[in-house]
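For reference, the chains in residue letters:
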Amino acid sequence: MKDIARQSMSIKVESMDLLNGQIKMEAHASATYLAMASWCEQNGFFTSAKFFFKQAEEEREHMMKIFNFLVDTGGSPISPEVTNINHDYSSIVDVFENTLEHEVKVTKSIHNIVKKARELGDIATERFLDWFVMEQVEEENTIRDILDMIAVTGTEGVGLQMIDNQVANWIE
């Protein structure tokens, strides 16, 4: 009887499956942000490159947080395969617009998992995701602030260098 109790999961299978999907999304985000950092480096946006290197690390940390939660709840985390990483961007604006688009998708995914956990009565998963919900508010706000700054600064001439310099304000 004790062996059965040890082997049972405290997480609902549906929650686990959704969280494994989120692990994959976070891994993809990390790889995408590395590609963006590379693009920034190659195009002379060195401060923006530092920003995206930091973002890549953060996304990996998010992935590991979810991975460890699944372990702690007796679930089976899956190490994701990461494919389809875009390395080509037309401008620094394109990079940040793609970033915002991605963060909005992540927010929607997390909200979906929270709703499902609530529906399933999976309180531990719902509470675990509280941190992610607030993290996404911060992530989206940061990128919107950067895009607002770009709109005010403009992308002509010295404006591009000013944009890159100002991104330093969002590197913690």
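Conventions we followed
Residues numbered from 1 in each chain as written. Predicted model: local features only at pLDDT ≥ 70, side-chain atom pairs only at ≥ 80, totals over all residues. Heavy atoms only, no water. UniProt positions renumbered as here; feature names shortened; annotations may be inferred. Helix = DSSP H or I, 4+ residues; strand = E, 2+ residues; numbered from the N terminus. Buried < 20%, exposed > 50% of the residue type's maximum accessible area, 1.4 Å probe, protein only. Contact = heavy atoms within 4.5 Å. Areas by Shrake-Rupley, 256 points an atom, 1.4 Å probe, with all protein chains shown as cover.

Identification of the protein as Ferritin from Flagellimonas pelagia is taken from an unreviewed UniProt entry. Per UniProt, the protein carries the Sequence similarities (unreviewed entry) text "Belongs to the ferritin family. Prokaryotic subfamily." Turning to the protein, the UniProt annotation filed under Catalytic activity (unreviewed entry) states: "4 Fe(2+) + O2 + 6 H2O = 4 iron(III) oxide-hydroxide + 12 H(+)".

Asker: Give a detailed account of the overall build of the protein, specifying residues and quantitative values.
Answerer: Tallying secondary structure elements over the protein gives six helices and zero strands in all. Overall, the protein shows an N-to-C arrangement of helices and strands of α-α-α-α-α-α. In the protein, buried positions account for 42% of the 172 residues. Residue pairs at least 24 apart in sequence account for 77% of intrachain contacts in the protein once pairs closer than 6 positions are excluded. Of the roughly 9,400 Å² that the protein leaves accessible, carbon and sulfur atoms contribute 53%.

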